[in-house]
Amino acid sequence: RGEMAAREGEADGMESSSRAPGPAAGAGSSSSSPPHPEQHPSGEPGSDPAAAAHKKPGSNNDGGVETAEEAIEPADPDINELCRDMFDKMSVFLQGELTATCEDYKLLENMNKLTSLKYMEMKDISINISRNLQDLNQKYASLQPYLDQINQIEEQVTALEQAAYKLDTYSKKLEAKFKKLEKR
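Residues numbered from 1 in each chain as written. Predicted model: local features only at pLDDT ≥ 70, side-chain atom pairs only at ≥ 80, totals over all residues. Heavy atoms only, no water.

Trainee: Just to check I follow, could you spell out the overall build of the protein for this structure?
Mentor: Helix and strand content of the protein: three helices and zero strands. If you list the helices and strands of the protein from N to C, you get α-α-α. Going through the 184 residues of the protein one by one, you find that 4% of them count as buried. When the accessible surface of the protein is totalled, it reaches about 16,500 Å², and 59% of it is carbon and sulfur. (Helix = DSSP H or I, 4+ residues; strand = E, 2+ residues; numbered from the N terminus. Buried < 20%, exposed > 50% of the residue type's maximum accessible area, 1.4 Å probe, protein only. Areas by Shrake-Rupley, 256 points an atom, 1.4 Å probe, with all protein chains shown as cover.)

Trainee: Explain a nonpolar patch on the surface here, please?
Mentor: On the surface, Y140, L143, Y146, L147 and I150 cluster together into a nonpolar patch covering about 520 Å² of accessible area. Here Y146 lies in helix α3 (residues 79-183). (Patch = residues over 30% accessible without salt bridge, like charges linked within 9 Å, V, L, I, M, F, W, Y side chains within 5 Å. Salt bridge = Lys/Arg side-chain N within 4 Å of Asp/Glu carboxyl O.)

Trainee: When you look at the confidence of the model for the protein in this model, what are you seeing that I'm missing?
Mentor: In low-pLDDT regions, the fine details of the predicted coordinates are not to be read closely. Model confidence for the protein is summarised by a mean pLDDT of 75, while 58% of its residues fall at 70 or above. The least confident element of the protein, judged by mean pLDDT, is helix α2 (residues 49-54) at 45; the most confident is α3 at 94. Low pLDDT, under 50, characterises residues 1-11; the predicted model gives this stretch zero contacts beyond four residues in sequence or across chains. (pLDDT = per-residue confidence, 0-100. Contact = heavy atoms within 4.5 Å.)

Trainee: Looking at this structure, I do not really get α3. What am I missing?
Mentor: Spacing of three or four residues puts side chains on the same side of an α-helix, whose turn is 3.6 residues. A rise of 1.5 Å per residue sets the reference length of α3, with its 105 residues, at 156 Å; its end C-alpha atoms lie 144 Å apart and thus fit the reference within 8%. Largest kink in α3: about 45 degrees, centred on Q144, with the proline P145 one to four residues after it. (Expected span 1.5 Å × (residues − 1). Bend = angle between axes of the 7 residues up to and from the residue.)

Trainee: Explanation requested: a positive patch on the surface in the structure shown.
Mentor: Side chains of K173, K177, K180 and R184 sit close together on the surface and give a patch of like positive charge. By the secondary structure assignment, R184 is in the segment after α3. A relative accessible area of 81% means that R184 is categorised as exposed. (Lys, Arg positive; Asp, Glu negative; His and termini not counted. Charge placed at Lys NZ, Arg CZ, Asp CG, Glu CD.)

Have a look at this one:
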């Protein structure tokens, strides 16, 4: 609590010093006393306001060197107003950043949902393929005895064909022998 009170006191002191006009306000002087009544805004004691109005800023008799008394500083804006403006702008910036991050997370969430749906569809398709493959395997297993019979028939046909070739060869030999015997 003591630190907060000290900070508030400093803030009030800075606020009052920033509002107080004077030639020493921005010149590095720590005095915040109001200007003397005989001192005019031009910074020269006893000078005429009309003469100060005709005097060009930056023109002096010292060869172009400006002193703290001659420099006319613009009045400092209110520190609290600047702080409020800074905090408002920082708030807008942070809200924008948080909104963008939130939108990114929503986009990621939607992408994850879509990906999840795609994977569910792929899962269903793979389950259907697996079922169909099992059905085909069962059908193939049920057809296996018939396929074995077809293989046996094919082997028998091949053996029968061989026997037919042998019979044909034998019959040709026999025919040749018969023709020899006939010629004698």
